[in-house]
Amino acid sequence: MSSPSSSNLPLIAIPGGYGLPFFGAIKDRLDYFYREGTDEFFRTRIKKYQSTVFRSNMVPGPFMARNPKVIVLLDAISFPVLFDMSKVEKKDVFTGTYMPSTNYTGGYRVCAYLDPPEPKHALLKGLILSTLAKRHDKFIPLYRSSLSQLFIDLEDEFSSKGKASFDDYCNKMSFNFLANLFCDQNPSSTILTTDKATKFFDSWLFFQLAPLITLGLPKILNFLEDIVLHTFPLPSLLLKCEYKKFYKVFNEYAKSILDEAESLGIKRDEACHNLVFLVCFNSYGGMKTTLPALIRWVGLAGEELQRQLAEEIRTVVRSEGGVTIAALEKMSLTKSVVWEALRIEPPVAFQYGHAKEDMVIHNHDAAFEIKKGEMIFGYQPFATKDPRVFERPEEFVGDRFVGEEGEKLLKYVYWSNGREIDDPAVGNKQCPAKNLVVLLSRVMLVEFFLRYDTFMVEAGTSTLGSTVTFTSMSKATSS
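Residues numbered from 1 in each chain as written. Predicted model: local features only at pLDDT ≥ 70, side-chain atom pairs only at ≥ 80, totals over all residues. Heavy atoms only, no water.

Peer 1: How do you make sense of the pairing of strand S3 (residues 69-73) when you look at a structure like this?
Peer 2: In summary, the side chains of a regular strand alternate between the two faces of the sheet. Across the 5 residues of S3, 4 count as buried, placing the element largely inside the fold. One ladder, built from 5 bridges, connects strand S2 (residues 53-57) with S3; its direction is antiparallel. The residue of S3 that forms the bridge with serine 56 is valine 70. Here S3 pairs with strand S9 (residues 375-379) via 3 bridges, running parallel. By the bridge assignment for S9, isoleucine 71 is matched with isoleucine 376. (Buried < 20%, exposed > 50% of the residue type's maximum accessible area, 1.4 Å probe, protein only. Helix = DSSP H or I, 4+ residues; strand = E, 2+ residues; numbered from the N terminus. Pairing = 2+ DSSP bridges.)

Given below as structure tokens:
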């Protein structure tokens, strides 16, 4: 579809507001977490202001954020301004209106918090892109090996209990894959491949993201939760000693990456803390949300889609002689299903940026003026379910991106902090592992449907995304 030019639209004042100082932000926080919930918070304000662009406070508010005031973007047309590095500054906005203590990352502002014009951003992101490129040939064989153990674990639990929880086994598989991918030698004798790793880094993620999370406790405990999680930062000191143990393993086992970092002029210590963040926040955190969401939506889609996937995957693998990049590229339905899962449940819901200059943005209906320095906030699950871009936006449509017309919609898939048709570079903030995430999601489906015809799931939610329990797993009857 073509979007209207801002010059053809009326310029109107941005509706909404922030309420009384301090109290307005508290009210919005309570609405967001407890009275309305996230989606309803935005939905009611779209209806109230008759606009997908409006002013509001954003969580966590006092006393975590110095300034909770944002301009909210909730449609596919206005949202991409957040990807334009000439218009927005991305300094220290990775987690939004607040920034976790650098004590979680060895005292350094890691790459995720740097703005592209900062000199270290190009060095660090360049290192990440180089590291991934050098390991490209390991992606599929190493991941398939990790998935083999995942399916063994799932089948063992399913045979003994009649159902199997996907999440814990997926977390373990994901972390083992990442540890082996980024380490120069097998870290099997270290704490990286024990249950301690996933348990610790789940806590490490939670401590940093707690201001954005609610635990779903009984209403009587909402006030206590709000004080503990959203008002004051959790003490990083509680995790410091354990973090050092994992840091030392990466420092010892990822020497080639750290050697390259030093050759680029990056301090070895800083590079190692960035590596820990890349592996354990960006990558593990991403897989922890993306893979369960993928299985959830394919499971809920039902038998017809599952059988179509199984037929496509087995036919292509047979004709291509194995699971290869070339084979994956020929699986049009499989590719579409992965993109659709990333559209309907993006692993990162929020995007932020400060306006670098006075600017005019627009949605479908009007143009709006934003002043230099104002914080812009986009809630991606609404932008990627824009009903004026996507038909049946709330439904999981597996073949949505199949064919020439379907692929035209990929420019409205934003999960990677950029358009799906764009690629990460040192000059932008698009996820450096964007293509790897898509690849791993495709291989997950391929390996699943080489083993099973159909499956059924019970789906739920956790603090960081979807939860999935298999209630039926029908083994493949044909190859």
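Here the narrative resumes, following the displayed structure.
Peer 1: Would you mind going over unusual backbone geometry with me for this structure?
Peer 2: A negative phi angle is the norm for most residues apart from glycine, just as the trans form is the norm for most peptide bonds. With an omega dihedral of 10°, the bond running from valine 59 to proline 60 counts as a cis peptide bond. By the element assignment, proline 60 lies in the loop between S2 and S3. The step from proline 62 to phenylalanine 63 runs through a cis peptide bond, and the omega angle for that step is 0°. Of note, the phi angle at glutamine 50 is positive, near 55°, even though the residue is not glycine. Within the secondary structure layout, glutamine 50 lies in the loop between helix H2 (38-49) and S2. In this structure glutamine 50 comes out as exposed when scored by relative accessible area, which is 67%. With a phi close to 65°, asparagine 417 is a non-glycine residue in the positive phi region. Mapping asparagine 417 onto the fold places it in the loop between helix H15 (403-407) and helix H16 (434-451).

Peer 1: What is the right way to read the sheet that holds strand S11 (residues 465-475) from this model?
Peer 2: Whether parallel or antiparallel, the strands of a sheet pair through hydrogen bonds between backbone atoms. With antiparallel pairing, the 3 strands of this open sheet are ordered in space as S5-S11-S10. Across the chains shown, the open sheet's two edge strands, defined by having one partner strand only, are strand S5 (164-165) and strand S10 (452-462). In this structure, S5 lies alongside S11, joined through 2 bridges in antiparallel fashion. Pairing of serine 165 across the sheet is with threonine 469, part of S11. Contacts between helix H4 (residues 139-161) and the sheet are confined to S5, S10 and S11, with S11 contributing the most and set at about 75° to the helix. Sitting on the sheet, H16 is in contact with S10 and S11, with an inclination near 130° to S10. (Contact = heavy atoms within 4.5 Å. Axes fitted to C-alpha atoms, helices over the stretch in contact; angles between N-to-C directions.)

Peer 1: Would you mind going over the packing of aromatic side chains with me for this structure?
Peer 2: Any two aromatic rings considered together are summarised by their centre-to-centre distance and by the angle between their planes. Summed over all chains, the structure comprises 48 aromatic pairs. Measuring from centroid to centroid gives 6.1 Å for phenylalanine 449 and phenylalanine 455, while their planes differ by 45°, and the two rings are tilted. Like phenylalanine 449, the residue phenylalanine 455 is buried in the burial classification. One aromatic cluster is present, formed by Phe94, Tyr113, Phe175, Phe200, Phe201, Trp204, Tyr243, Phe246, Phe277, Phe281 and Tyr284 through successive ring pairs. Its end group placed over the ring of phenylalanine 41, arginine 45 keeps NZ or CZ at 3.7 Å from the ring centre. (Phe/Tyr/Trp six-rings, centres within 6.5 Å; stacked < 30°, edge-to-face > 60°. Lys NZ or Arg CZ within 6 Å of the ring centre and 35° of its normal.)

Peer 1: What is the right way to look at the sheet that holds strand S4 (residues 88-89) in this model?
Peer 2: Pairing is mixed in the open sheet, where 5 strands are placed in the order S2-S3-S9-S6-S4. Both outer strands of the open sheet, S2 and S4, are each paired with one neighbouring strand and no more. Helix-sheet contacts for H2 involve S2, S3 and S9, and the interaxial angle to S2 is about 130°.

Peer 1: So what exactly am I meant to see when it comes to the pairing of strand S8 (residues 367-370) here?
Peer 2: Here 2 bridges tie strand S1 (residues 11-12) to S8, and the two strands are oriented parallel to one another. In the strand pairing of S8, isoleucine 12 is matched with phenylalanine 368. Here 4 bridges tie strand S7 (residues 359-362) to S8, and the two strands are oriented antiparallel to one another. Among the inter-strand pairings, valine 360 is bridged to a residue of S8, identified as glutamate 369.

Shape is all these values report; function is a separate question.
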